[in-house]
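Topology and contacts: notes
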Amino acid sequence: MLVARRQNALDEYANELSAKGYEVFTHATDVSDTESLTKLFADVQEKFGAVDVLIYNAAFMQGGRASELSAAESIDHFKVDVAGAVHCVQQILPKQIERGDGAIIFTGGLFGVYPNANFEYACMSMDKAALRTLAQMLNTELKDKGIFVGIVQIMGVVGSNEHFAPKNIADAYWQLYCDRNSFEYIFD
């Protein structure tokens, strides 16, 4: 199940995966719209059952220095970067806890680990740091219930070189999921 804001992007991924023999379902939604997310997860869980693994890879990619941010801008960013993640977790967690199994993996990055790496992305830094904290807290809280929660910190630009190729990054998610010995995987 693939979810994103833009249906055309979903269609491209679905076509690529279908050509490789995978069964793919897509749904366009905005993660800052909690009503839409609630309906989406209700539909998904009715059709497929409990969500085994949630990968939350959403970000509001707009620049702005900390000294220039408005409260409204900060809230708009937070809705996508953090509140959307929290809401997604709330939608799937009860069934994962009921089964005693599941995984939730967030996507973080350079700005959440090193907030001063680029002063032009203050909201991204604040929100990815909050997402990192959320992952760590959920990991500690839920591991005894059979739920793994982690975050992959991508410390570069996806696709900028061979090292940051999507396949290599996917391998980092897989390794974190399989190992489960830390809540965080630094992909640098």
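Residues numbered from 1 in each chain as written. Predicted model: local features only at pLDDT ≥ 70, side-chain atom pairs only at ≥ 80, totals over all residues. Heavy atoms only, no water.

**Comments concerning the nonpolar core**
Counting residues in hydrophobic clusters, the biggest one holds 26 residues, and the most contacted among them are Phe41, Leu54, Tyr56, Ile104, Phe106, Leu138 and Val149. The set of elements that each furnish at least two residues to this core consists of helix H2 (34–48), strand S3 (53–56), helix H3 (71–99), strand S4 (102–109), helix H5 (122–142) and strand S5 (147–154). The biggest single contributor to this core is H3, with six residues. Apart from the residues within four sequence positions on either side, Phe41 is in contact with Val51, Leu54, Cys88, Gln91 and Ile92. Listed in part, the eleven residues of the second largest apolar core include Ile105, Val152, Ile154 and Phe187. (Core = buried A, V, L, I, M, F, W, Y, C linked by side-chain atoms within 4.5 Å. Buried < 20%, exposed > 50% of the residue type's maximum accessible area, 1.4 Å probe, protein only. Helix = DSSP H or I, 4+ residues; strand = E, 2+ residues; numbered from the N terminus. Contact = heavy atoms within 4.5 Å.)

**Side note on the packing of H3 against H5**
With their axes 9 Å apart at the nearest point, H3 and H5 run at an angle of 15° to one another. In terms of axis orientation, H3 runs roughly parallel to H5. Here the hand of the crossing between H3 and H5 comes out right-handed. For the pair formed by H3 and H5, the contact residues are Glu73, Ser74, His77, Phe78, Asp81, Val82, Ala85, Val86, Val89, Leu93 and Ile97 on the first element and Cys123, Met124, Met126, Asp127, Ala130, Leu131, Leu134, Leu138 and Leu142 on the second. (Axes fitted to C-alpha atoms, helices over the stretch in contact; angles between N-to-C directions. Parallel < 35°, antiparallel > 145°, perpendicular 65-115°, else oblique. Left-handed = near helix turned anticlockwise from the far one by under 90°.)

**Describing the pairing of S5**
Taken across its eight residues, S5 has eight buried, putting it largely inside the fold. With burial as the criterion, each face of S5 is covered, one bearing Ile147, Val149, Ile151 and Gln153 and the other bearing Phe148, Gly150, Val152 and Ile154. Where S4 lies against S5, eight bridges are found, and the strand directions are parallel. Paired with Phe106 across the two strands is Ile151, which belongs to S5. One crossover worth recording links S5 to the parallel strand S6 (residues 184–187) by way of helix H6 (residues 166–179), and it is left-handed. (Pairing = 2+ DSSP bridges. Right-handed = clockwise from strand over helix to strand, strands pointing away.)

Remember that the coordinates give geometry; whether it matters functionally is a separate question.
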